[in-house]
Amino acid sequence: LWFWSTGNGGPGYGTAHSIVDFTSVHVGAGTTMQYRYWYGYEAAPGYQKWGDVAPFSNSGPGRNGKLNAEIIASGMYSMEPCPLNLPNDLLTLGDGSTHYQIGSGTSHATPTVAGGAALGYQAYMLANGALPAKDHAKALLMAAAEDMHFDPLKQGAGWLDAGVFAGLMAEA
């Protein structure tokens, strides 16, 4: 599968201008607020609000009629690794175990979807000994997504659920 960031062009419809290949997966950004616990704004992990479509994430329809974005993953207020030789958000240099920063963007969300898809491909390979057809894999990836209760032109199929996708691929 091909994975493309839909872009950070902002609100409104028809802002996505991604590649027109129907086997590609166009990825939009959604909110995750796990930084709130790590920075001490929340008392316990797991209660942070998540799952809104990022307002900067481009929306469909694309010029080819595709949803654009087709799936959403963590791409706004997300924890990400920080280079060890640069100060992190706390202005410290780390050893890698606590060296992180807050990141946003559809280019942040796209590798998350690619990684989730890789787990599904691995499950399929273990179960079948071969690679799946791209259209089959894409259909299962979309079917595994969680509905975010947004307009399909904003959310596509919904929020990436890599665990469900891997399970579907193992059974395919």
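As the structure is a computational prediction, the values presented were derived from the model and not from experiment.

Observations regarding the overall build of the chain
Tallying secondary structure elements over the chain gives five helices and six strands in all. Going residue by residue from the N terminus, the α and β elements of the chain occur as β-β-α-β-β-β-β-α-α-α-α. A burial count over the chain gives 44% of its 172 residues as buried. Carbon and sulfur atoms form 61% of the exposed surface of the chain, whose accessible area is close to 8,600 Å².

Remarks on helix α3 (residues 134-144)
Ala 137, Lys 138, Leu 140, Leu 141, Met 142 and Ala 144 are the residues of α3 that are buried. Residues of α3 that are buried make contact with β1 (2-5), β2 (24-32), β4 (71-76), α2 (106-128) and α5 (162-171).

Observations concerning α2
Along an α-helix, a turn takes 3.6 residues, which lines up residues three or four apart on a common side. Taking 1.5 Å per residue as the helical rise, α2 with its 23 residues ought to reach 33 Å, and the 32 Å between its terminal C-alpha atoms agrees with that figure. All of the buried residues in α2 are Thr 106, His 108, Ala 109, Thr 110, Val 113, Gly 116, Ala 117, Gly 120, Tyr 121, Ala 123 and Tyr 124.

Considerations on unusual backbone geometry
A negative phi angle characterises most non-glycine residues, just as the trans form characterises most peptide bonds. Going from Gly 60 to Pro 61, the amide bond is cis rather than trans, its omega being 0°. One can find Pro 61 in the loop between β3 (50-53) and β4. In this structure, Tyr 77 is a non-glycine residue whose phi angle is positive, near 60°. Here Tyr 77 lies in the loop between β4 and β5 (78-81). Given a relative accessible area of 34%, Tyr 77 falls into the partly exposed group. In this structure, His 149 is a non-glycine residue whose phi angle is positive, near 65°. Relative to the helices and strands, His 149 is located in the loop between α3 and α4 (152-155). Owing to a relative accessible area of 70%, His 149 belongs among the exposed residues under this scheme.

Comments concerning the side chain of Glu 70
Within the fold, Glu 70 resides in the loop between β3 and β4. In this structure Glu 70 comes out as buried when scored by relative accessible area, which is 8%. Leave out the neighbours within four places in its chain, and Glu 70 touches Ser 24, Val 25, His 26, Lys 138, Met 142, Gln 155, Gly 156, Ala 157 and Gly 158.

Considerations on the packing of aromatic side chains
Counted under the stated rule, the structure contains one aromatic pair. On the numbers, 5.9 Å between centres and 25° between planes, the contact of Trp 2 with Trp 4 is stacked. Relative accessible area serves as the criterion here: at 39%, Trp 2 is assigned to the partly exposed category. The positively charged end of Lys 154 is found above the aromatic ring belonging to Tyr 13, 4.9 Å away from the centroid.

Observations concerning the pattern of salt bridges
Tallied over the entire structure, the rule returns two salt bridges. For the salt bridge of Lys 138 with Glu 70, the shortest nitrogen-to-oxygen distance reads 3.0 Å. Here Lys 138 is found in helix α3, whereas its partner Glu 70 is found in the loop between β3 and β4, with 68 residues between them in sequence. The pair formed by Lys 138 and Glu 70 is uniform in burial state, with each residue classed as buried.

Cut-offs applied
- Residues numbered from 1 in each chain as written.
- Predicted model: local features only at pLDDT ≥ 70, side-chain atom pairs only at ≥ 80, totals over all residues.
- Heavy atoms only, no water.
- Helix = DSSP H or I, 4+ residues; strand = E, 2+ residues; numbered from the N terminus.
- Buried < 20%, exposed > 50% of the residue type's maximum accessible area, 1.4 Å probe, protein only.
- Areas by Shrake-Rupley, 256 points an atom, 1.4 Å probe, with all protein chains shown as cover.
- Contact = heavy atoms within 4.5 Å.
- Expected span 1.5 Å × (residues − 1).
- Phe/Tyr/Trp six-rings, centres within 6.5 Å; stacked < 30°, edge-to-face > 60°.
- Lys NZ or Arg CZ within 6 Å of the ring centre and 35° of its normal.
- Salt bridge = Lys/Arg side-chain N within 4 Å of Asp/Glu carboxyl O.

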